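# Coordinates in review
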Amino acid sequence: MKIALIGGGGREHALAYKICESDLCEKLYCLPGNAGTSKIAENVEIAVDDIERIVKFCKDNTVDLVVVGPEDPLAKGIVDMLEKEGIKAFGPKKDAAKIEASKSFAKYIFKKYGIPTAEYETFDNYDDAVRYVKQKGAPIVIKADGLAAGKGVTVAEKEEEAINALKTIFLDKKFGNAGSSVVIEEKLTGEEASFLVFSDGDSILPMIAAQDHKPVFDGDKGPNTGGMGVYAKAPIVDKQLEKEIIEKFMKRAIDGLKAEGIEYKGVLYAGLMIDENKQPKILEFNCRFGDPETQAILPLMDSDIVEIFLSCIDNTLASKSINWKDKYAVSVVAASGGYPGSYEKGKVIEGLDEVEKLDDIFVFHAGTKICDGKVVTNGGRVLNVVGLDKDFKKAQEKAYKAIKMIHFDDMHFRNDIGNKAYKYL
Ligand code: AMP
Ligand code: GLY
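These lines cover the structure that appears in this document, whether it is placed above or below. (Residues numbered from 1 in each chain as written. Chains lettered and ligands numbered in written order. Predicted model: local features only at pLDDT ≥ 70, side-chain atom pairs only at ≥ 80, totals over all residues. Heavy atoms only, no water.)

### Overview of the packing of helix H5 (residues 94-101) against helix H6 (residues 103-112)
For the pair H5 and H6, interaxial distance at closest approach is 6 Å and the crossing angle is 95°. Judged by the inter-axis angle, H5 sits roughly perpendicular to H6. Across the interface between the two elements, Lys-98, Ile-99 and Ala-101 of H5 pack against Lys-103, Phe-105, Ala-106 and Ile-109 of H6. For the contact of H5 with H6, the residue count by class is 5 nonpolar, no polar and 2 charged. (Axes fitted to C-alpha atoms, helices over the stretch in contact; angles between N-to-C directions. Helix = DSSP H or I, 4+ residues; strand = E, 2+ residues; numbered from the N terminus. Parallel < 35°, antiparallel > 145°, perpendicular 65-115°, else oblique. Contact = heavy atoms within 4.5 Å. Nonpolar A, V, L, I, M, F, W, Y, C, P; charged D, E, K, R; others polar.)

In structure tokens:
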């Protein structure tokens, strides 16, 4: 079948690699893709938010299946539009994508269906929100309701920080409509973990747990990024906890949405906070694969992902299972100098050919493109270097050995991706 993959980050390069492994895939288009996907698929220069052009391209090229990476087109209803044209699409429809696109809707679902989460209130005006912050005191968490490219959350240690965040949202309108209301919630403590499942609206099929590293510097210091590295399977999620997450979070969400008249098909991704007593609470649900979680999870998957996508769409997931390699994956992000602040693009990336020859190493491109025959940087997060091994430490060593063979001007990466796992191994 002809497949189109929407997106151009590290997540999409990992998805492209996995889709290409399937016997069902005869042709893969990546819209827009990156330098990495251009080697295994055909890149098509259409932006992820240009939904009309995406739909037209898929119709004109008789695409059989569309796989959507990022949340924006999902929240705008790309799956609904493709289905209207008779094209199969993997991902939730607009009403179901609201679980990520509206934090107040997500909180309503958590509360109504007994999904453990932080105490919260929602507000649609500055004055009431400030009054609540003053009443509760710091630390406190302020969240713009809508999609804000991962920048809408402030974990405020001081009251003043919380009030500044409310000013930015309500008075400066930094996030536009996405900030027309806010969720204010208690600060949770512990370790974060990501748990992703496939869903066909009735049944779920779990993936392995992963742990992302959002702050830019070692020791979780510095500002948050899109994610500087990840590992899977995250040993903090043991068998017992996995069972609890599936029952109390994933199934309750899918069943709860169903009770609201919403069919959830696609990947449901839980961002969890796990406290020192191993009690999990939900921070958020995302309506898609995680980035960078996907880059560590998919190299460990030993099953045909296209078959799973089709089972989600056709409501036959109950008959499926996933085989996982008996290995760990540690993935380290190489970022541009200055990221997550401003950075330059167009730096030549060296060492890729040598690294790609290594065993049990994957390099998934994110912000890269080809310029005059050379691979150059084209974004903040540039590459994901993934090491695989049965032994966690060796997987980590492989990833770091490989990333040190890659070079571009001002490249930086965290040196401690994976260290948190040792206390659970
Ligand atoms: P969210 O988009 O809701 O996942 O928030 C982004 C990040 O903010 C999370 O990955 C956490 O690191 C942090 N965060 C969100 N909510 C809370 C909370 N209630 N307590 C502590 N940290 C939080
Ligand atoms: N790993 C963070 C995200 O995908 O939102």
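### Comments concerning the site of ligand 2
Ligand 2 sits among Asp-212, Tyr-269, Asn-286, Arg-288, Gly-290, Asp-291, Pro-292 and Glu-293. Here an oxygen atom of ligand 2 sits 2.8 Å away from a polar atom, N or O, in the side chain of Arg-288. Backbone polar atom of Asp-291 to an oxygen atom of ligand 2: 3.0 Å apart, as the coordinates give it. Burial of ligand 2 by the protein amounts to 88% of the accessible area it has alone, namely 200 Å². Partitioned by chemical class, the residues of the shell around ligand 2 number 2 nonpolar, 2 polar and 4 charged. (Near = heavy atom within 4 Å. Polar contact = N/O pair within 3.5 Å; in protein donor to acceptor, adjacent residues only side chain to side chain. Areas by Shrake-Rupley, 256 points an atom, 1.4 Å probe, with all protein chains shown as cover.)

### Quick notes on the state of the cysteines
Applying the stated criterion to the full structure yields 0 disulfides. The thiol of Cys-287 is unpaired, and the distance to the nearest cysteine sulfur, on Cys-312, comes to 14 Å. Take Cys-287: its relative accessible area is 1%, and that puts it in the buried class. Left unpaired, Cys-371 is separated from the closest cysteine sulfur, that of Cys-30, by 20 Å. Owing to a relative accessible area of 34%, Cys-371 belongs among the partly exposed residues under this scheme. (Disulfide = S-S within 2.5 Å. Buried < 20%, exposed > 50% of the residue type's maximum accessible area, 1.4 Å probe, protein only.)

### What about helix H7 (residues 126-136)?
The set of residues buried in H7 consists of Tyr-126, Ala-129, Val-130, Tyr-132 and Val-133. For H7, the angular spread of buried residues about the axis comes to 160°, placing them on one side. Pointing more than 90 degrees away from the buried face of H7 are the exposed residues Arg-131, Lys-134 and Gln-135. Elements that come into contact with the buried residues of H7 comprise strand S6 (120-123), strand S7 (140-144), helix H8 (159-171) and strand S9 (182-186). Gly-137 lies just past H7 and shows a positive phi near 80°. (Arc of directions from axis to C-beta.)

### Points about the site of ligand 1
If you check the shell around ligand 1, you find 14 residues, and the closest are Glu-185, Leu-188, Glu-192, Lys-214 and Glu-284. The contact in question runs from a nitrogen atom of ligand 1 to an N or O atom on the backbone of Glu-186, over 3.0 Å. Within the backbone of Leu-188, one N or O atom sits 2.8 Å away from a nitrogen atom of ligand 1. Look at ligand 1: alone it shows 470 Å² of surface, and the protein chains cover 89% of it. Residue assignment for the shell around ligand 1 shows that the elements contributing at least two residues are S7, strand S8 (153-156), S9 and strand S17 (280-286).

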